[in-house]
Amino acid sequence: MSDLEITLEEGESGGRYFYREGDNLAEMTFSSAGHSLMIIDHTGVPDVFRGRGIGLALVSRAVEDARAAGKKIVPLCPFAAAQFRRHPEWADVLNR
């Protein structure tokens, strides 16, 4: 998973993490609420990427970045919420 090149595009009100391979794109979008809160609202992984851990890599990168920036995450996206349930070690960045 760590060999995947996950890219961040960020604007003032939110952004996305994405992974591109050829014409295929997996992405996770988020909104920013102030400077300290990230709201993950969507994760989309095309079938061609299924089973490769790319969705997990997108959420993991957001967790790493949030941790480094002192931010909290609200995982509104069902996939991201499921990943937070599976990874209790991410509790420090989960906004309760």
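A brief structural summary. (Residues numbered from 1 in each chain as written. Predicted model: local features only at pLDDT ≥ 70, side-chain atom pairs only at ≥ 80, totals over all residues. Heavy atoms only, no water.)

### Structural notes on the overall build of the protein chain
Counting its regular elements, the protein chain contains 2 helices and 5 strands. Secondary structure elements of the protein chain occur, N-terminal to C-terminal, as β-β-β-β-α-β-α. Here the C-alpha atoms of the protein chain give a radius of gyration of 13 Å, agreeing with the 12 Å that 2.2 N^0.38 yields for 96 residues. The principal-axis extents of the C-alpha atoms in the protein chain amount to approximately 35 × 30 × 20 Å. Taken across its 96 residues, the protein chain has 43% of its residues classed as buried. Contacts in the protein chain between residues far apart in sequence, at least 24 positions, make up 42% of those at least 6 positions apart. Averaged over its 11 positive side-chain charges, the protein chain has a centre that lies 7 Å from the centre of its 14 negative ones. (Helix = DSSP H or I, 4+ residues; strand = E, 2+ residues; numbered from the N terminus. Rg over C-alpha atoms; globule rule 2.2 N^0.38 Å. Buried < 20%, exposed > 50% of the residue type's maximum accessible area, 1.4 Å probe, protein only. Contact = heavy atoms within 4.5 Å. Lys, Arg positive; Asp, Glu negative; His and termini not counted. Charge placed at Lys NZ, Arg CZ, Asp CG, Glu CD.)

### Examining the sheet that holds strand 5 (residues 72–75)
Pairing is mixed in the open sheet, where 5 strands are placed in the order 1-2-3-4-5. Each edge of the sheet is formed by a strand with only one pairing partner; in this case those strands are strand 1 (7–10) and strand 5. Each neighbouring strand pair of the sheet contributes to a mean axis angle of 25°, computed without reference to strand direction. As defined by bridge partners, strand 3 (residues 24–33) adjoins strand 4 (residues 37–44) across 7 bridges and the pair is classed as antiparallel. From the neighbouring strand, T29 faces strand 4, where its bridge partner is H42. Helix 1 (residues 54–69) rests against strand 1, strand 2 (14–21), strand 3, strand 4 and strand 5 of the sheet, and its axis sits at about 140° to strand 2. Helix 2 (residues 78–86) contacts strand 4 and strand 5 of the sheet and is inclined by roughly 120° relative to strand 5. (Pairing = 2+ DSSP bridges. Axes fitted to C-alpha atoms, helices over the stretch in contact; angles between N-to-C directions.)

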